[in-house]
Amino acid sequence: FLNNERQGGRTKGFCRLDFRAFSRYNEGVKRHFQRIVVMAYSRLKERETVFRLLFIAEHQPELGADELLALSEESEETALRTPYVTETLRGAMDFAPRATKLAASASRDWRVERMSPVLRALLKLSLYEMLENDAIPVKVAANEAVELCKRYEDEKAARFLNGILGTLSAGGQN
């Protein structure tokens, strides 16, 4: 049922459903799977919106969550304001000092201040989702953060982020 878009030997983006395979099933099943794909895609977009707002907060630490949300409404690019975005942004910003301490303890010989703003924003988001948000599985939060890191940083940074998240999730840091 699933088709993967491959590019350079690596799966690119989400799996697409091949709805021709549903020809023998009823339309209700088809609509159900379409909703699942849309929900997964929209959650990724919401997570990316939160990441971008946290990235802005890295450069303008004086801005609070409400100011960042107001900024997102002005921008067409990050105009996604849902309960998930609002709650996750506020939670990640409140969790940021603890996330910084956890990242510092997990990254040997590498101070958090030396990390790129992209990496710091992704650490805050993913650690908040992994440790504070029970609705999101730990592996999903980690994998999504690594995928965003691959998109906005390079492969080396993604491996570094994956190592930190793996260390913290394996150690059960709460």
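Okay, so let's go over this structure. (Residues numbered from 1 in each chain as written. Predicted model: local features only at pLDDT ≥ 70, side-chain atom pairs only at ≥ 80, totals over all residues. Heavy atoms only, no water.)

## Some words on the pattern of salt bridges
Two side chains carrying opposite charge are able to pair once their charged atoms lie near each other.
Here is step 1 of the chain: Throughout the structure, instances matching the rule amount to 11 salt bridges.
Here is step 2 of the chain: A salt bridge links E132 to R98; the shortest N-O distance between them is 2.9 Å. Within this pair, whereas E132 is found in the loop between α4 (117-131) and α5 (138-152), its partner R98 is found in helix α3 (residues 83-106), the two being separated by 34 residues in sequence.
Here is step 3 of the chain: Residue classification places E132 among the partly exposed residues on the basis of a relative accessible area of 40%.
Here is step 4 of the chain: Using a relative accessible area of 29% as the deciding quantity, one classes R98 as partly exposed.
Here is step 5 of the chain: Of the charged contacts in the structure, one is a salt bridge between R111 and E113, with a shortest N-O distance of 3.4 Å. Each member of the pair, R111 as well as E113, is classed as exposed.
Here is step 6 of the chain: In the salt-bridge network here, residues are joined through shared partners; they are K45, E48, R52 and R151. (Salt bridge = Lys/Arg side-chain N within 4 Å of Asp/Glu carboxyl O. Helix = DSSP H or I, 4+ residues; strand = E, 2+ residues; numbered from the N terminus. Buried < 20%, exposed > 50% of the residue type's maximum accessible area, 1.4 Å probe, protein only.)

## With respect to the packing of aromatic side chains
Here is step 1 of the chain: Using the criterion set out here, one finds three aromatic pairs in the structure.
Here is step 2 of the chain: Taking 5.0 Å as the distance between ring centres and 50° as the angle between the ring planes, the aromatic pair formed by F51 and Y152 counts as tilted. Taken together, the residues F51 in helix α1 (residues 27-59) and Y152 in helix α5 connect sequence positions 101 residues apart.
Here is step 3 of the chain: Taking the relative accessible area as the measure of exposure, Y152 reaches 30% and is therefore partly exposed.
Here is step 4 of the chain: Taken together, the ring pairs in this structure connect F51, F55 and Y152 into an aromatic cluster. (Phe/Tyr/Trp six-rings, centres within 6.5 Å; stacked < 30°, edge-to-face > 60°.)

Function cannot be read off these values alone, since they describe shape.
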